[in-house]
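One letter stands for each residue in the lines below.
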Amino acid sequence: MTDYKEIIEEFRDPTIDSWPLMSSPGPILSIVSIYLLFVIKIGPKLMENRPAFELKNFLIIYNASLIIFNIWLASLVTSIDLSALIHSKGCRLQNHQLSKNGSLETKLSKAAWWYFFSKIIELLDTVLFILRKKQNQLTFLHIYHHSITAIFSWCYLKLIPGEQGIFIGIINAAVHIIMYTYYLISALGPKYKKYLWWKKYMTLVQLTQFGIIITYLLFTLVMDCGVPKVLTYFFIINTVIFIYLFSNFYKKTYIKHKKV
């Protein structure tokens, strides 16, 4: 029987433990708990008798910043030989396979931390909805997705050996470039609404992403990449939940609405 504790200790970078929010699950669980308390209870109560904030300039800067960040994150794929990752022992890149100019292991680990940190920053999406009194966007889908994704990314950085989070991170970054571009255009004002005709396709892109992620996770099981199977099953189950929730949202928003 595979000793996953030994695998994790062999492959993971122990310096990650000293990075902000990475010493234990306590900080990320506290952040998510505070987030849930605010968006479910405190936030709506605070804004109940207050006018909505406009926040136009902040939204433009916020969305533009996340677009730039995700472009940088997605650009890392140009420095990685993904075929080497697939065929290497333990599905782990060796230093000479990361880049022709030397190892990118430290760079990739730091990028993974920034990816994780961005999921904490993205919790602001919900806070901004509350401050702008966009109650129709405070769905279970939205809150569950943001909460689990933050925990999901922490687990990958902390527990998964090798570079198994690279592929998922790049796919997710590409999707977020599209998503925050939509939000940026929307923040510019009503006169730009005509450029948002592709809104429903954004949900289809999300669903495609989840399909690719499940395929990839199943692939790591088949290739026996040394990833703890209990974690992979957890990620697969949550991705299936995402597919169900996003599919249900698409059906209710676009298919049933169109029939009416």
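Quick notes on the rules
Every chain begins its residue count from 1, and numbering advances along the sequence as written. The predicted nature of this model means local features are confined to residues of pLDDT at least 70 and side-chain atom pairs, given and counted, to a pLDDT of 80 or more, with totals for whole chains, interfaces and linings taken over all residues. Side-chain figures throughout are based on the complete set of non-hydrogen atoms in the structure, without hydrogens or water. UniProt positions are given in the numbering used here, feature names are shortened, and annotations may be inferred rather than shown by experiment. As used in this record, nonpolar core signifies buried Ala, Val, Leu, Ile, Met, Phe, Trp, Tyr and Cys residues forming a set joined through side-chain atoms within 4.5 Å. For every residue, the accessible area (1.4 Å probe, protein chains only) is compared with the maximum for its type, and the residue is labelled buried under 20%, exposed over 50%, or partly exposed between those bounds. Helix numbers and strand numbers start at the N terminus; a helix is a DSSP run of H or I with at least 4 residues, a strand a run of E with at least 2. Here a Phe, Tyr or Trp ring, Trp counted by its six-membered ring, pairs with any other such ring whose centre lies within 6.5 Å, and the pair is stacked when the planes are under 30 degrees apart, edge-to-face when over 60, and tilted otherwise. Definitions used for this entry: grid spacing 1 Å over protein atoms alone; cavity, a set of points where a 1.4 Å probe fits but cannot get out; pocket, an open set with protein on both sides within 12 Å along at least 5 of 7 lines; lining residue, one with an atom within 4 Å of a point. Grid points are joined across faces, edges and corners, and a volume is the space filled by probe spheres set on the points. Expected span of a helix, by definition, is 1.5 Å for each gap between consecutive residues, and there is one gap fewer than residues. A residue's bend is the angle separating two fitted axes: one through the seven residues that end there, the other through the seven that start there. What counts as a salt bridge is simple: a side-chain nitrogen of Lys or Arg found within 4 Å of a carboxyl oxygen of Asp or Glu. What the arc measures is the spread of directions leading from the helix axis to the C-beta atoms.

Identification of the protein as Elongation of very long chain fatty acids protein from Polistes dominula is taken from an unreviewed UniProt entry. Regarding the protein, the relevant UniProt record gives this comment under Catalytic activity (unreviewed entry): "a very-long-chain acyl-CoA + malonyl-CoA + H(+) = a very-long-chain 3-oxoacyl-CoA + CO2 + CoA". UniProt, in its Subcellular location (unreviewed entry) section for the protein, records the words "Membrane".

Participant: Go over the nonpolar core, please, and point to the residues and values.
Facilitator: Core analysis: the largest hydrophobic core is formed by 22 residues, its most contacted members being Met22, Ile28, Phe116, Leu217 and Phe235. Mapped by element, the contributors of at least two residues to this core are α2 (26–47), α6 (105–121), α8 (140–159), α10 (199–222) and α11 (229–259). A per-element tally of this core places α8 first, with six residues. If you look at the next biggest cluster of nonpolar residues, it comprises 14 residues, including Leu59, Tyr62, Leu184 and Ile185.

Participant: Can you explain unusual backbone geometry? Please cite residues and give values.
Facilitator: Despite not being glycine, Leu21 shows a phi value in the positive range, around 75 degrees. You will see that Lys133, though not glycine, has its phi angle at about 60 degrees, which is positive. Along the chain, Lys133 turns up in the loop between α7 (124–131) and α8. What makes Lys133 partly exposed here is its relative accessible area of 33%.

Participant: Before we move on, can you summarise the packing of aromatic side chains with the specific residues and values?
Facilitator: Under the counting rule described, the total for this entry stands at 21 aromatic pairs. Consider the rings of Phe58 and Tyr62, whose centres lie 6.0 Å apart with planes at 15 degrees: the pair is stacked. Pair noted here: Phe58 and Tyr62 are both in helix α3 (residues 56–74), with a separation of four residues, about one helical turn. Judged by its relative accessible area of 41%, Phe58 falls in the partly exposed class. Here Tyr62 falls in the buried class, since its relative accessible area comes to 9%. Members of the aromatic cluster, connected to one another through ring pairs, are Phe58, Tyr62, Tyr180, Tyr182, Tyr183 and Trp198.

Participant: Can you explain the UniProt feature "transmembrane region" (unreviewed entry) in the protein? Please cite residues and give values.
Facilitator: This chain's UniProt record puts "transmembrane region" (unreviewed entry) on residues 59–80, 112–131, 143–160, 166–189, 201–219 and 231–250. The distance separating the terminal C-alpha atoms of residues 166–189 is 36 Å; by composition the span is 92% helix and 0% strand. Helix and strand shares over residues 231–250 are 100% and 0% respectively, and the end C-alpha atoms of the span are 28 Å apart.

Participant: With reference to specific residues and values, describe the layout of surface pockets.
Facilitator: Computed from the structure, the largest pocket encloses a volume of approximately 1300 Å³. Lining the largest pocket are 43 residues, and of these Phe129, Gln137, Tyr182, Tyr183 and Lys199 lie nearest its centre. At the level of secondary structure, the elements contributing two or more residues to the lining of the largest pocket comprise α3, α7, α8, α9 (165–187), α10 and α11. Examining the composition of the lining of the largest pocket, we find that eight residues originate from one element, α9, more than from any other.

Participant: Explain α2 to me, using residue names and the numbers behind them.
Facilitator: With 22 residues, α2 extends 29 Å from end C-alpha to end C-alpha; this agrees with the ideal 32 Å at 1.5 Å per step. At Phe38, α2 is bent by approximately 50 degrees, the largest bend along its length. Ile28, Val32, Tyr35, Val39, Gly43 and Met47 are the residues of α2 that are buried.

Participant: Mind laying out the pattern of salt bridges, listing which residues take part and the relevant values?
Facilitator: With the rule as written, the count across this model stands at three salt bridges. Across the pair Glu48 and Lys45 runs a salt bridge whose closest N-O atoms are separated by 3.5 Å.

Participant: Give a description of α3 that names residues and reports values.
Facilitator: Since there are 3.6 residues in each turn of an α-helix, residues three or four apart along the chain are aligned in direction. When the terminal C-alpha atoms of α3 are compared, their 27 Å separation across 19 residues agrees well with the 27 Å that a helix rising 1.5 Å per residue should span. Those residues of α3 lying buried are Leu59, Tyr62, Asn63, Leu66, Ile67, Phe69, Asn70, Leu73 and Ala74. What you see down the axis of α3 is that its buried residues fit within an arc of 165 degrees, all on one side. Those residues of α3 that are exposed and angled more than 90 degrees off the buried face are Asn57, Ile61 and Ile68.

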